[in-house]
Amino acid sequence: MQAINDFILAAAGQPWVLFLVFACCVIDGFFPPVPSESVVVGLAAVAATADVPNPLLLIVVAATGAFCGDNIAYLIGRATGTSRWKWMRGHRTQRAFTWAGRELRKRPASLIMVARFVPIGRVAVNLTAGATHYAHSHFVGLTVLSAALWSGYSVAVGLFFGQWFEDNHLLGATIAIICAIVLGIGIDVALSRLRGSLPEEPVLDEAEQPAPPADG
């Protein structure tokens, strides 16, 4: 166990760790299996007692990567739509895209901000924003703010829980990551309940659209 802790401490102090953080945050913006939260929270937990990496620098790097990843997802959505690949065409996925499109028309700022904290949710929202041609200038401004809040939150969770485990960096990082996952699930459940409380709007096929009224 001591060898593992020594390895974590040594790795956390290496410059390449911040490049790893940036890469994970970028890729996670359009490919959620990459664990950006786990990397950021885990390193912040180590920083709580070892002072490496620098927490402020970690926030900046994570926020920059998250911003880039979100905007890449937007551009992918704009270029390909939301049905290009097979994984997009599933019933649940299409419902998520439909819901995201509807909510983007109603409350785009709150949706983009909150979705950043839900791995699959942010990908659906960002792809839909691009596919529906939501104004990119507005999207950029919102993702600057959401990325900064998300990275600050992730580092804060790691610092808060990591300081309890000064002599065991592995345990501190593990507990901090678990707490971050639980909080993320809580946000996801709250969003699902909110989604369920909103009235469903029927999505009509083109053939089912009402015909325009006849002229005079």
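Structural data are supplied above this passage.
Predicted model, so just to flag it, every value in this text is computed and none were measured.

Draft legend 1. A look at the nonpolar core. Core analysis: the biggest nonpolar cluster contains 22 residues, and Val21, Cys25, Val40, Leu43, Leu58, Ala62 and Trp150 have the highest contact counts within it. If you list the elements that add at least two residues to this core, you get α2 (16–28), α3 (36–50), α4 (55–80) and α8 (136–162). With 6 residues, α3 is the largest single contributor of residues to this core. Aside from chain neighbours lying at most four places away, what touches alanine 62 is Val21, Cys25, Val40, Trp150 and Ser151.

Draft legend 2. Structural context of α2. Given a rise of 1.5 Å per residue, 13 residues ought to cover 18 Å, and the 18 Å separating the end C-alpha atoms of α2 matches this to within 8%. Taken together, the buried positions of α2 are Val17, Leu18, Val21, Cys24, Cys25, Val26 and Asp28.

Draft legend 3. Structural context of the packing of aromatic side chains. Counted under the stated rule, the structure contains 2 aromatic pairs. For the ring pair phenylalanine 117 and tyrosine 153, a centre distance of 5.3 Å and an interplane angle of 70 degrees mean the geometry is edge-to-face. In this pair, phenylalanine 117 sits in the loop between α6 (108–115) and α7 (119–131) while tyrosine 153 sits in helix α8, placing the two residues 36 residues apart along the sequence. Under the relative-accessibility criterion, tyrosine 153 is labelled partly exposed at 23%. Above the face of the tryptophan 150 ring, arginine 116 is positioned so that its terminal group lies 4.8 Å from the ring centre.

Draft legend 4. Geometry of a nonpolar patch on the surface. Together, Ile27, Phe30, Phe31 and Ile72 make up a nonpolar patch on the protein surface, roughly 310 Å² of accessible area in all. Secondary-structure assignment places phenylalanine 31 in the loop between α2 and α3. A relative accessible area of 44% means that phenylalanine 31 is categorised as partly exposed.

Definitions and limits used
Residues numbered from 1 in each chain as written. Predicted model: local features only at pLDDT ≥ 70, side-chain atom pairs only at ≥ 80, totals over all residues. Heavy atoms only, no water. Core = buried A, V, L, I, M, F, W, Y, C linked by side-chain atoms within 4.5 Å. Buried < 20%, exposed > 50% of the residue type's maximum accessible area, 1.4 Å probe, protein only. Helix = DSSP H or I, 4+ residues; strand = E, 2+ residues; numbered from the N terminus. Contact = heavy atoms within 4.5 Å. Expected span 1.5 Å × (residues − 1). Phe/Tyr/Trp six-rings, centres within 6.5 Å; stacked < 30°, edge-to-face > 60°. Lys NZ or Arg CZ within 6 Å of the ring centre and 35° of its normal. Patch = residues over 30% accessible without salt bridge, like charges linked within 9 Å, V, L, I, M, F, W, Y side chains within 5 Å. Areas by Shrake-Rupley, 256 points an atom, 1.4 Å probe, with all protein chains shown as cover. Salt bridge = Lys/Arg side-chain N within 4 Å of Asp/Glu carboxyl O.

By themselves, these observations are geometric and do not establish any function.
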